[in-house]
Amino acid sequence: MLKDIQWKCKFAVILLLLIAGSVYAQTINAELQQINSSYALQYLGKASALYKDGNYTEALAYAEKGMTFDGSFADFYYIKAQCLRQLNKPRIQSLEAAEYANTAGLQCRIFTPDDLILLLARLYTETKQYRDVLSLLEKVSLPSADGDLYRAAALYGLGQDEQARA
């Protein structure tokens with residue numbers, strides 16, 4: 001009976017240690033995520049400034065580094081897609097980044113969802129994915145001259161010239 005009580009006490013102590021360790025690990029994880037997000041925001045700000053200044057190589061490097069800290073910001077993928085496009089890299093690379101930027105659940109911090117959609121619509125237009133352009137542009141929240149241009153190009157590409165002219 002004494003052995004049974006000792007066994008139960010040891011088991012209870014081990015269980016409590018496991019629970020305490022789990023809680024501690026979750027706390028550390030949350031703090032690390034907060035630190036990573038802070039670094040990511042710093043990299044995002046720098047990448048955005050470099051992109052706006054036309055320094056696409058550096059902006060791309062900052063965006064890619066920032067993604068390693070927190071890949072939940074759609075802006076990183078938008079900047080990456082734009083920089084790759086400006087640097088005349090293979091279009092598939094820009095297209096993949098732009099598609100990822102439009103993934104549900106990613107946060108927009110600097111650029112708007114419409115910016116992301118219009119970039120993807122442009123790349124779809126350039127790669128003759130006209131049906132995808134039309135369905136994508138339905139998600140744009142504000143009227144846009146770029147959106148109108150991509151819609152018309154897609155309609156022309158699909159042979160719907162009358163609709164495109166309208």
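Residues numbered from 1 in each chain as written. Predicted model: local features only at pLDDT ≥ 70, side-chain atom pairs only at ≥ 80, totals over all residues. Heavy atoms only, no water.

Caption draft 1: Expanded view of the packing of aromatic side chains. Inspection of the entire model under this criterion finds 8 aromatic pairs. Judged by centre distance (6.3 Å) and plane angle (80°), the ring pair of Y51 and F111 falls under edge-to-face. Of this pair, Y51 sits in helix α1 (residues 2-52) while F111 sits in the loop between α4 (91-101) and α5 (113-126); the two residues are 60 residues apart in sequence, bridging distant segments of the chain. For the pair shown, Y51 and F111 are each scored as buried. (Phe/Tyr/Trp six-rings, centres within 6.5 Å; stacked < 30°, edge-to-face > 60°. Helix = DSSP H or I, 4+ residues; strand = E, 2+ residues; numbered from the N terminus. Buried < 20%, exposed > 50% of the residue type's maximum accessible area, 1.4 Å probe, protein only.)

Caption draft 2: Quick peek at unusual backbone geometry. The backbone of N88 sits at a positive phi, close to 55°, despite the residue not being glycine. Its place among the elements puts N88 in the loop between α3 (74-86) and α4. The phi dihedral of K128 falls on the positive side, at around 60°, and the residue is not glycine. Judged by relative accessible area, which is 61%, K128 ranks as exposed.

Caption draft 3: Spotlight on the environment of L120. Along the polypeptide, L120 turns up in helix α5. The exposure class of L120 is buried, given its relative accessible area of 4%. Each C-alpha atom of the pair L120 and E99 lies 6.5 Å from the other, and the pair is 21 residues apart in sequence. L120 has contacts with L95, A98, E99, N102 and L136, leaving out every residue within four places of it along the chain. (Contact = heavy atoms within 4.5 Å.)

Caption draft 4: Main features of the side chain of S72. Following the sequence through the fold, S72 ends up in the loop between α2 (56-69) and α3. Within the structure, the side chain of S72 is placed 2.7 Å from the side chain of D70, a separation counted as a polar contact. Those residues in contact with S72 that lie beyond four places of it in its chain are L106 and Q107. (Polar contact = N/O pair within 3.5 Å; in protein donor to acceptor, adjacent residues only side chain to side chain.)

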